[in-house]
Number of protein chains: 2
Amino acid sequence: MAKILRGAEALEAKCAELKDKVRRLRNEGTDPVLGIIRVGDNPDNMAYERGLVKRAEELGIQVESYVLEEKATETTVIALIRRLNYDDMVHGVLLMRPLPDHMDDNKVRMTLDPAKDLDGITDVSIAGVFAGTDRGFPPCTPSGCIELLEHYGIRISGKKAVIIGRSMVTGRPLSMMLMRKNATVTLCHSHTSPEDLIKYCNNADLIFVMVGQPKTIRIEHVRPGQVVVDIGINVDKNGKLCGDVDFDNILPVVKAVTPVPGGVGAMTSVMLLEHLITAAVRSRKGLS
Amino acid sequence: MAKILRGAEALEAKCAELKDKVRRLRNEGTDPVLGIIRVGDNPDNMAYERGLVKRAEELGIQVESYVLEEKATETTVIALIRRLNYDDMVHGVLLMRPLPDHMDDNKVRMTLDPAKDLDGITDVSIAGVFAGTDRGFPPCTPSGCIELLEHYGIRISGKKAVIIGRSMVTGRPLSMMLMRKNATVTLCHSHTSPEDLIKYCNNADLIFVMVGQPKTIRIEHVRPGQVVVDIGINVDKNGKLCGDVDFDNILPVVKAVTPVPGGVGAMTSVMLLEHLITAAVRSRKGLS
């Protein structure tokens, strides 16, 4: 029976580490402050924000939330970002997306100072992930996946990894981040045939899936010894939250698997807070 | 016996196309001008420059070459780049690299206006390749590989590709460019075991290799039906130029293979000139 890789366990360890870092920063005279910008009342964004604020409080991080109306202008959002860029008291900014349709996402995100770009949305961060340098920040979801594996002592270097899903938020940056850790990565997507997908998955040591389709990874995709990371979030026909993996059926076969809920999802917000603490440390050292 | 994919043939077609584009630009009142910045007398850079100038002349493109002494300061190079950024008569700039050791490559390359970044060295271009948008330009070597395949009518979409070598100049951008064309890509490198490499290669439809090691791809890596693109440049023990592929031995097996010399290498400079023409067209349209 597979080991279930629970986010809560990795989370607890990470939070203890971050609390300690915040304590040290405060002792040195720096109070880490997170700025959140939300435009409109997207329920997913509001839920993410609530969780983030709660977690930040636990860790001793202050949050400044800026909520703009859905009909706010692009100019207003850009002006707010510029103000936070120049505000030395705010160490990092989370710009909730998607933005309303009347805004040019590209123009808005590029306004953000890469040094405060906690979720890796600027070109500097994107190029940093691609080039494998530490400029800006990587997006939080792939950071969380790697953190979870490392917490459980799962080796990445020299392993064969398959990623299913090529989004800019997860699949693509994850491919570069795993490669930087010396995995050999295959990036599969909607144009990969079902037969090829089975072949690639069977050959892999690590499988990451994020396509938003329940039971994308089934018994025929897996073999003993594999680690399966489920990054999908779906609601099944009974109204229950589930991932992209046929969890119950692969559980007896593989070596380890992350559950949904309770797997990598829990890691995202804490990774954002880790990036904030890194930004605060860098600004203290004049590195940002 | 495999078809030999010769650069010269693809080059001829591309040059005819570009000549025509230059003619139209001139008729509209725009004279495309390429700026080249070279610091020091690196023989490889000088050879590349000579080839480029010759090709540009054939196409009716003017070249302004700026040659600085090896001991020039970083400030001098940056000032020159800034000048060319603001010069509306120069549509694109090739900054020859590597720069001398006393310069901060990162600082210098980031000075270049992404609209004139013909070889994809700025963060905007890098992020553009990663995100699959057309901001900035992709690097010329992977552009040339794709151009060569397309010239010979070799389909990329839905195919399985293996890339061996993860450089920022070729392997990594090529992986994203092939994925954008809907190939399923595996990126192999020095931490991929020899046995896994054989497996990945045997499974692939398209093999791209650029590790700088003769006979990296041998008879055991290939099977009938495959297309092999050799991006390596080496000198063999007899002092002869060769690529990374055991050309003579795989020739009877695969469907098609690019030779070295005479394969993709010839495409690089013409891709740079195509990027220049695109930059000139964009600047005319006020898109840059």
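So, how was this worked out
Residues numbered from 1 in each chain as written. Chains lettered and ligands numbered in written order. Predicted model: local features only at pLDDT ≥ 70, side-chain atom pairs only at ≥ 80, totals over all residues. Heavy atoms only, no water. Helix = DSSP H or I, 4+ residues; strand = E, 2+ residues; numbered from the N terminus. Rg over C-alpha atoms; globule rule 2.2 N^0.38 Å. Buried < 20%, exposed > 50% of the residue type's maximum accessible area, 1.4 Å probe, protein only. Contact = heavy atoms within 4.5 Å. Pairing = 2+ DSSP bridges. Axes fitted to C-alpha atoms, helices over the stretch in contact; angles between N-to-C directions. Least-squares fit on C-alpha atoms with pLDDT ≥ 70 in both. Domains from an automatic or database assignment. Polar contact = N/O pair within 3.5 Å; in protein donor to acceptor, adjacent residues only side chain to side chain. Buried area = accessible area lost by both parts, 1.4 Å probe. Salt bridge = Lys/Arg side-chain N within 4 Å of Asp/Glu carboxyl O. pLDDT = per-residue confidence, 0-100. Phe/Tyr/Trp six-rings, centres within 6.5 Å; stacked < 30°, edge-to-face > 60°. Lys NZ or Arg CZ within 6 Å of the ring centre and 35° of its normal. Right-handed = clockwise from strand over helix to strand, strands pointing away.

I'd like to hear about the overall build of chain A, residue by residue, with values.
Looking only at helices and strands, chain A has 10 helices and 11 strands in total. Its C-alpha radius of gyration of 19 Å places chain A within 12% of the 19 Å reference for a compact globule of 288 residues. Across its three principal directions, the C-alpha atoms of chain A cover 55 × 45 × 40 Å. Burial analysis of chain A (288 residues in total) assigns 56% to the buried set. Considering only contacts in chain A between residues 6 or more positions apart, those separated by 24 or more positions represent 70%.

I'd like to hear about the sheet that holds strand 5 (residues 160–164) of chain A, residue by residue, with values.
Here 12 strands make up an open sheet; going across it, the order is 1(A)-11(A)-8(A)-7(A)-5(A)-6(A)-6(B)-5(B)-7(B)-8(B)-11(B)-1(B) and the pairing mixed. Both edges of this open sheet fall to strand 1 (3–4) of chain A together with strand 1 (3–4) of chain B, since each of them pairs with a single strand only. This element, helix 7 (residues 171–180) of chain B, spans strand 6 (184–188) of chain A together with strand 5 (160–164), strand 6 (184–188) and strand 7 (206–209) of chain B of the sheet and lies at about 170° to strand 6 of chain B.

Tell me about the relation of the copies chain A and chain B, and please be specific about residues and values.
When chain A is fitted to chain B, the residual RMSD is 0.0 Å, and the transformation amounts to a turn of 180° plus an axial shift of 0.0 Å. Taken together, the rotation angle and the small translation identify this as a two-fold axis. Among all residues of chain A, the minimum C-alpha distance to the rotation axis is found for Thr186(A), at 2.0 Å. Both copies share a contact surface, since 100% of the interface residues of chain A are interface residues in chain B too.

Quick one: what's the story with the domain arrangement of chain A, residue by residue and with numbers?
What the domain assignment lists for chain A is domain 1 (28–119) and domain 2 (140–265). For domain 1 of chain A versus domain 2 of chain A, the distance between C-alpha centres works out to 29 Å.

For the side chain of Arg109(B), give the residues involved together with the corresponding values.
Of note, Arg109(B) is situated in helix 4 (residues 105–109). With a relative accessible area of 10%, Arg109(B) lands in the buried category. At a separation of 2.7 Å, a polar atom in the side chain of Arg109(B) contacts the main-chain carbonyl oxygen of Ile121(B). Beyond its immediate stretch of four places on either side in the chain, Arg109(B) contacts Arg135(A), Leu95(B), Arg97(B), Ile121(B), Thr122(B), Asp123(B) and Ile126(B).

An account of the interface of chain A and chain B is needed here, citing residue identities and associated values.
Chain A puts 36 residues into the contact, and the matching count from chain B is 36 residues. Taken over both partners, the interface formed by chain A and chain B buries close to 3000 Å², and the fraction arising from carbon and sulfur atoms is 54%. Of all residues in chain A, the largest losses of buried area upon contact with chain B belong to Phe130(A), Met179(A) and Thr184(A), amounting jointly to 21% of the total for that side. With a shortest N-O distance of 2.7 Å, Arg135(B) and Asp123(A) are connected by a salt bridge. Where chain A packs against chain B, one counts 23 residue pairs in polar contact (both at pLDDT 80 or more).

Please set out the confidence of the model for chain A residue by residue, giving values where relevant.
Per-residue confidence for chain A gives a mean pLDDT of 95, with 99% of residues at or over 70. Across the predicted assembly, pTM comes out at 0.95 and ipTM at 0.94.

An account of the packing of aromatic side chains is needed here, citing residue identities and associated values.
Tallied over the entire structure, the rule returns 1 aromatic pair over all chains. Here the aromatic rings of Phe130(A) and Phe130(B) are separated by 5.0 Å at their centres, their planes lie at 20°, and the arrangement is stacked. Within this pair, whereas Phe130(A) is found in helix 5 (residues 123–131), its partner Phe130(B) is found in helix 5 (residues 123–131), the two belonging to separate chains. Just above the ring of Phe137(A) sits the side chain of Arg282(A); from NZ or CZ to the centre is 4.6 Å.

A description of the pairing of strand 3 (residues 62–68) of chain A should follow, citing residues and the corresponding values.
All names here are of chain A. Bridge count for strand 2 (residues 33–39) against strand 3 is 7 bridges, and the pairing is parallel. Opposite Arg38, over in strand 3, you have Val67 as the bridge partner. With respect to chirality, the unit in which strand 2 leads through helix 2 (residues 43–59) into the neighbouring parallel strand 3 is right-handed.

So what about the pattern of salt bridges? Which residues, and what values?
Where charged atoms from two side chains of opposite charge approach closely, those side chains can pair. All names here are of chain A. Taken as a whole and assessed by the stated rule, the structure comprises 44 salt bridges over all chains. The partner of Arg38 in a salt bridge is Glu49, and the shortest N-O contact between them spans 2.4 Å. Of the two residues, Arg38 sits in strand 2 while Glu49 sits in helix 2, which places them 11 residues apart along the sequence. Here Arg38 falls in the buried class, since its relative accessible area comes to 8%. Look at the salt bridges and you will find they share partners, linking Lys14, Glu17, Lys21, Glu147 and Glu274 into a network.

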